[in-house]
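A look at the structure
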Amino acid sequence: MILRFFRRNDGGETIQRLYGAIVAQSRDPAYYTIYGVADTIAGRFEMILLHAFLLFHRLKDEGEAGQELGQRVFDAFCRDMDANLREMGVGDLTVPKKMKKVASAFYGRVGVYDTALGTGEAALAEALLRNVYDSAPDRRPESVALAARLRQMAAALAATPFETFARGELPLPAADAPTFVENTSS
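Below or above, wherever it landed, is the structure these notes cover.

Criteria and cut-off values
- Residues numbered from 1 in each chain as written.
- Predicted model: local features only at pLDDT ≥ 70, side-chain atom pairs only at ≥ 80, totals over all residues.
- Heavy atoms only, no water.
- Core = buried A, V, L, I, M, F, W, Y, C linked by side-chain atoms within 4.5 Å.
- Buried < 20%, exposed > 50% of the residue type's maximum accessible area, 1.4 Å probe, protein only.
- Helix = DSSP H or I, 4+ residues; strand = E, 2+ residues; numbered from the N terminus.
- Contact = heavy atoms within 4.5 Å.
- Phe/Tyr/Trp six-rings, centres within 6.5 Å; stacked < 30°, edge-to-face > 60°.
- Lys NZ or Arg CZ within 6 Å of the ring centre and 35° of its normal.
- Expected span 1.5 Å × (residues − 1).
- 1 Å grid on protein atoms, 1.4 Å probe; cavity = no way out; pocket = protein on both sides within 12 Å on 5 of 7 lines; lining within 4 Å.
- Points joined across faces, edges and corners; volume = space filled by probe spheres on them.
- Nonpolar A, V, L, I, M, F, W, Y, C, P; charged D, E, K, R; others polar.
- Polar contact = N/O pair within 3.5 Å; in protein donor to acceptor, adjacent residues only side chain to side chain.

**What to know about the nonpolar core**
Of all hydrophobic cores here, the largest spans 57 residues; its most connected members are Tyr19, Phe77, Leu146 and Leu170. If you list the elements that add at least two residues to this core, you get α1 (12-26), α2 (29-33), α3 (41-59), α4 (63-87), α5 (95-117), α6 (121-131), α7 (140-158) and α8 (162-166). By residue number, the principal contributor to this core is α3, which donates 11 residues. What phenylalanine 77 contacts, discounting residues up to four positions off in sequence, is Tyr19, Phe45, Ile48, Leu49, Val102 and Phe106.

Dropping the structure here:
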């Protein structure tokens, strides 16, 4: 018990706080009620990916320190996904295959969201419609609103000093009720 005071701080608590903040943000009921994200395993997975992307997008400009912090959070994400798969009853022999799919989904979405965030609103809304809403055309208004929310969160993180993340904090603005625009095209 007393030995814990003499251990070197490896930053594990910081990583757990950051990853915990990603998971907590992804569980915000507004995503499932206001933004219409499916409250399913797949929908929650998409929200975790979206919030992890936001952190990694912000950290990419922080050099080696940002890359190291991002890698450690990604490792925590992978450990959590592995544990969740096992908890859901996925067998030991199947977990590595499933984890390859998780990693592929993660990297694919990070690339798409990163590119779309740098372009116009339509590209980001389309990427979200495809990934979060399974390309359901009736979800276009929600994807547009979620794209606006994503841009709002990215801007907030861009204005946040790196030291805040290094302390394990992920300050994101509260989800406001979006204004939906009816889709008039067919």
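**Focus: the packing of aromatic side chains**
Enumeration over the complete set of coordinates arrives at 9 aromatic pairs. An angle of 45° between the planes, with centres 4.9 Å apart, marks the rings of phenylalanine 74 and phenylalanine 106 as tilted. Of the two residues, phenylalanine 74 sits in helix α4 while phenylalanine 106 sits in helix α5, which places them 32 residues apart along the sequence. When the ring centre of tyrosine 32 is taken as reference, the NZ or CZ atom of arginine 44 above it lies at 5.4 Å.

**Structural notes on α3**
An ideal rise of 1.5 Å per residue puts 27 Å on 19 residues; α3 measures up with 27 Å between its terminal C-alpha atoms. In terms of burial, α3 is a largely internal element, 15 of the 19 residues being buried.

**So, the layout of surface pockets**
Considered as a void within the structure, the largest pocket measures approximately 450 Å³ in volume. If you trace the largest pocket, you find 19 residues lining it, with Ile41, Phe45, Ile48, Met81 and Asn84 closest to the centre. Ranked by the residues each element gives to the lining of the largest pocket, the list is headed by α3, at 6 residues. For the lining of the largest pocket, the class distribution of residues is 11 nonpolar, 2 polar and 6 charged. As a volume, the second largest pocket reaches approximately 280 Å³. Residue lining of the second largest pocket: 14 residues in total, with Phe56, His57, Lys60, Gly70 and Val110 positioned closest to the centre. Listing elements by their share of the lining of the second largest pocket, those giving two or more residues are α3, α4 and α5. Here the lining of the second largest pocket takes 5 residues from α4, the largest share from any one element.

**Re the side chain of histidine 51**
Looking at where histidine 51 falls in the secondary structure, it is placed in helix α3. Its relative accessible area of 1% is what places histidine 51 among the buried residues. Of the polar contacts made by the side chain of histidine 51, one reaches the backbone oxygen of methionine 47; its length is 2.8 Å. For histidine 51, the contacting residues outside a window of four places in its chain are Ile22, Gln25, Ser26, Tyr31, Met153 and Leu172.

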